[in-house]
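Each chain is listed here by its residues.
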Amino acid sequence: MFCRYCGKENSDDANFCNSCGKSLSGKSTPNNTQQPAPARPAAEPTANLAIASLIFGICSIPMAFLALWLSLLCAICAVVLGKISLDQKRPGKEYAEWGIKLGAIGFGICVAFFIIYIVSIFGLFAFMADMIPSIS
Ligand SMILES: [Zn+2]
């Protein structure tokens with residue numbers, strides 16, 4: 001065989017070149033050098049999803065005092081995004097966990113407010129029903 005570096009002929013069973021001393025077992029070297037490169041993941045997963053979940057979770061709580069449907073939307077986004085982030089084992093696990101927790105709290109506040117609204121509306125109807133006969 002011939003040396004890849006200096007071109008000098010060596011015996012087929014030689015491990016190193018007689019002339020330059022470099023390794024002759026280099027036939028597999030191109031394959032070996034190519035293998036580690038694709039082993040690295042093409043794109044590093046980011047914590048963006050977890051952070052988005054946390055932001056939605058934080059927003060869902062004050063939003064409950066402004067608009068229930070917006071709060072509910074934020075809470076659902078927080079839980080869904082947090083869940084996806086955890087399932088994909090992305091970085092920012094603690095952000096995702098807090099996003100889910102805050103989303104759950106926001107959802108709870110929404111449900112509580114919704115029940116209060118319903119009860120107060122029914123209470124108002126009951127009050128009016130009591131008033132109307134007494135007027136007539
Ligand atoms: Zn050589």
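Residues numbered from 1 in each chain as written. Predicted model: local features only at pLDDT ≥ 70, side-chain atom pairs only at ≥ 80, totals over all residues. Heavy atoms only, no water.

- Looking at an unreviewed UniProt entry, the chain carries the name Zinc-ribbon domain-containing protein, with the source organism given as Ruminococcus flavefaciens.

### Observations regarding the overall build of the chain
Piece 1. A tally of helices and strands in the chain yields five helices and zero strands.
Piece 2. Along the chain, helices (α) and strands (β) appear in the sequence α-α-α-α-α when read from the amino end.
Piece 3. For the chain, buried positions account for 21% of its 136 residues.
Piece 4. Sequence separation of 24 or more characterises 50% of the internal contacts of the chain that already satisfy a separation of 6 or more.
Piece 5. Accessible area for the chain stands at about 9,700 Å²; split by element, carbon and sulfur atoms hold 69% of it. (Helix = DSSP H or I, 4+ residues; strand = E, 2+ residues; numbered from the N terminus. Buried < 20%, exposed > 50% of the residue type's maximum accessible area, 1.4 Å probe, protein only. Contact = heavy atoms within 4.5 Å. Areas by Shrake-Rupley, 256 points an atom, 1.4 Å probe, with all protein chains shown as cover.)

### Section: the coordination of the zinc ion
Piece 1. Coordination of the zinc ion by the protein comes from C3 (SG), C6 (SG), C17 (SG) and C20 (SG), over a distance range of 2.2 to 2.3 Å.
Piece 2. Of note is the zinc ion, whose four donor atoms meet at the metal with angles of 104 to 120° in an arrangement that counts as tetrahedral.
Piece 3. In the primary sequence, the donor residues of the zinc ion line up as C-x2-C-x10-C-x2-C. Here C6 is found in the segment before α1 (29-34), whereas its partner C20 is found in the segment before α1, with 14 residues between them in sequence. (Donors = N, O, S within 2.8 Å, 3.2 Å for Na, K, Ca; no water. Tetrahedral: all angles 85-135°; square planar, octahedral: opposite > 155°, others 65-115°.)

### Some thoughts on the packing of aromatic side chains
Piece 1. Scanning the entire structure with this criterion turns up two aromatic pairs.
Piece 2. Ring geometry for F65 against F113: centres 5.3 Å apart, planes inclined by 80°, an arrangement best described as edge-to-face. Taken together, the positions of F65 in the loop between α3 (48-63) and α4 (68-87) and F113 in helix α5 (residues 93-135) put the pair 48 residues apart, joining distant regions of the chain.
Piece 3. With a centroid separation of 6.5 Å and 20° between ring planes, the pair formed by F113 and Y117 is classed as stacked. (Phe/Tyr/Trp six-rings, centres within 6.5 Å; stacked < 30°, edge-to-face > 60°.)

### Some thoughts on the state of the cysteines
Piece 1. Per the stated rule, a full pass over the model turns up zero disulfides.
Piece 2. The thiol of C74 is unpaired, and the distance to the nearest cysteine sulfur, on C59, comes to 5.2 Å.
Piece 3. A relative accessible area of 8% places C74 in the buried class. (Disulfide = S-S within 2.5 Å.)

### A closer look at unusual backbone geometry
Piece 1. A positive phi angle, close to 50°, is found at K89, a residue other than glycine.
Piece 2. Following the sequence through the fold, K89 ends up in the loop between α4 and α5.

### Quick look at the UniProt feature "transmembrane region" (unreviewed entry) in the chain
Piece 1. Mapped onto this numbering, the UniProt entry gives "transmembrane region" (unreviewed entry) at residues 50-81 and 102-129.
Piece 2. Structurally, residues 50-81 is divided into 88% helix and 0% strand, and its ends, taken at the C-alpha atoms, are 7 Å apart.
Piece 3. Here residues 102-129 runs as 100% helix and 0% strand, with 40 Å between its end C-alpha atoms. (UniProt positions renumbered as here; feature names shortened; annotations may be inferred.)

### Quick word on α4
Piece 1. An ideal rise of 1.5 Å per residue puts 28 Å on 20 residues; α4 measures up with 28 Å between its terminal C-alpha atoms.
Piece 2. Listed as buried for α4 are L68, S71, C74, A75, A78, G82 and S85. Projected down its long axis, α4 shows its buried positions confined to an angular sector of 135°, all on one face. Looking at α4, the residues exposed on the side facing more than 90 degrees away from the buried face are W69 and D87.
Piece 3. One or two residues past the end of α4 sits K89, with phi positive at roughly 50°. (Expected span 1.5 Å × (residues − 1). Arc of directions from axis to C-beta.)

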